[in-house]
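Fold and geometry: a report
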Amino acid sequence: MTRISRLKLGAAALAALTALAASPLAAKDWRGWNIHPPTYPNGIALDAFAEKVAEATDGRVTPTVYHNAVLGDQPDAIEQTRNGALDFGNFNMGPMGPIVPATNILSLPFIFSSVDQMHKVMDGEIGQRFSDALAEQGLVALSWFDSGARSLYNTKKPVKTPADVQGMKVRVMNNQLYVDMIGALGGNATPMAFGEVYQSLKTGVIDGAENNYPSYESTNHYEVAGYYSITEHLIIPECLCVSTASWEALSDEDKAAVKQAAVEAAAMQRELWAEREKTSLEKVKGAGAQINEVEDKAAFQSAMDPVYAGFIEKNPELKSWIDDIKAVK
Ligand code: BDP
């Protein structure tokens, strides 16, 4: 074979391959982001989602989940999924706020009265409004995962009243609302990536942070910040979100299969979550963490009035959403 004909053949093969990759028949190797370890409820459910999708689409879509935030921290991963560099991810609505303003409502402290009420809201008409807002920013929310309730923990002392937070340096997720929230309690908030919190607690760069039991436990934060105070100030849902670009490349049949797999994954995650909350609590208690109830939660709630006022002032069009959420019993 001459060099020219080999080149021609090579070019033809390349053209064929390109056509195949662009055709709806080519297998789509989806890359998915997860901040948690594969053994965390979210990791297990995401792997089950990936497996189910591959099976239900007969291998037309083959997702792989990259655990432990190896593909970047959460704000980056959200951006990458929006622009199609990543195909899907499990995202908390906290760091989503700066990108999809309506989702900030879910980051208002004490917005939900309980996790059950949060489920009712997210699985109903109001949840659909959040999905619509996400869709406008390039993300298709296929189902909602649980993330329990977040409480404050620190290296110094039990928090019982807002005054105990005075002067404390507290790590928060990337969202101005949390800076305002800690500020309203008299503390100083530091937005920081999840993966940096352990070391920062250990070295005293920060005094505390806030999270649910499973994350407090899985990150080993309890080893270095042994006072966990049940403030339950935030109940934030998480989505299983697919990039609009990846979604639109699917046939209707495959869209239905992926949606179904996501709904099943969420049901599985919520079940595993309920168990994990118990085992995580047992584990941190067994390791000596001091968990305290907060009797006067109302004091924390009323301290949040300026946070709500500031939010409504900036987003008057979202005021009615707050009222709608509060009306769901
Ligand atoms: C966990 C969430 C995760 C957040 C993390 C955090 O599941 O998405 O990134 O908290 O505090 O509970 O950053």
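Refer to the structure above for everything that follows.
The following paragraphs examine the structure supplied in this document. Note that the coordinates shown come from a computational prediction; the quantities given were computed from them, not determined experimentally. All residue numbers refer to position in the chain's written sequence, counted from 1. Local features in this predicted model are restricted to residues whose pLDDT is 70 or higher, and side-chain atom pairs enter the listing and the counts only when it is 80 or higher, whereas totals over whole chains, interfaces and linings include all residues.

Lining the immediate surroundings of the ligand are Ile35, Gln74, Asn92, Ser147, Met173, Phe194, Asn211, Asn212, Ser215 and Glu238. In this classification, the charged set is Asp, Glu, Lys and Arg, the nonpolar set is Ala, Val, Leu, Ile, Met, Phe, Trp, Tyr, Cys and Pro, and all remaining amino acids, among them Gly, are polar. For the shell around the ligand, a count of residues per class yields 3 nonpolar, 6 polar and 1 charged. Domain start and stop positions are those given by an automatic or database domain assignment. Per-domain counts for the shell around the ligand show at least three residues from each of domain 1 (27-145 + 237-278) and domain 2 (150-235 + 285-327). Any residue whose backbone-placed C-beta atom lies within 6 Å of a molecule or strand is treated as near that molecule or strand.

Spatially, the 5 strands line up as an open sheet ordered β2-β1-β3-β10-β4, and their pairing is mixed. With one partner strand each, in any of the chains shown, β2 (64-66) and β4 (139-145) form the two edges of the open sheet. If you compare each strand with its neighbour and ignore which way they point, the axes differ by 25 degrees on average. For strand β1 (residues 31-33) and β2, the ladder comprises 3 bridges, and the chain directions are parallel. For two strands to count as paired, DSSP must find a minimum of two bridges between them. Each helix is a run of DSSP H or I of at least 4 residues and each strand a run of E of at least 2, with the numbering of both proceeding from the N terminus. All axes are obtained by fitting lines to C-alpha atoms, using only the stretch in contact for helices, and the reported angles, taken between N-to-C directions, cover 0 to 180 degrees.

Once that is clear, we can look at the pairing of strand β8 (residues 208-211). Whether a residue is buried, exposed or partly exposed is read from the other C-beta atoms within 10 Å of its own C-beta, which are placed from the backbone; 20 or more gives buried, 12 or fewer gives exposed, and intermediate counts give partly exposed. Where burial is concerned, the two faces of β8 agree: the one with Gly208 and Glu210 and the one with Ala209 and Asn211 are both buried. By the bridge criterion, 4 bridges tie strand β5 (residues 150-154) to β8 in an arrangement that is antiparallel. Within β8, the position partnered with Ser151 by the bridge is Asn211.

The contact between helix α6 (residues 176-184) and helix α13 (residues 305-314) brings their axes to 9 Å, and the two run at 150 degrees. Crossing geometry of α6 relative to α13 is assigned as right-handed. For the pair α6 and α13, the contacting residues are Leu177, Asp180, Met181 and Ala184 in the first and Pro306, Val307, Gly310 and Phe311 in the second. Classifying every residue of the contact of α6 with α13 by side-chain character gives 6 nonpolar, 1 polar and 1 charged. With the far helix as reference, a near helix turned anticlockwise by less than a right angle produces a left-handed crossing, and one turned clockwise produces a right-handed crossing. A residue pair is marked as a contact if its C-beta atoms, positioned from the backbone, fall within 7 Å.

Next up on the list: unusual backbone geometry. Even without glycine at this site, Ala69 takes up a positive phi of about 55 degrees. One non-glycine residue, Asn220, lies in positive phi territory at about 65 degrees. Its location among the elements puts Asn220 in the loop between α8 (213-218) and α9 (221-224). What makes Asn220 partly exposed here is the crowd of 14 C-beta atoms within 10 Å.

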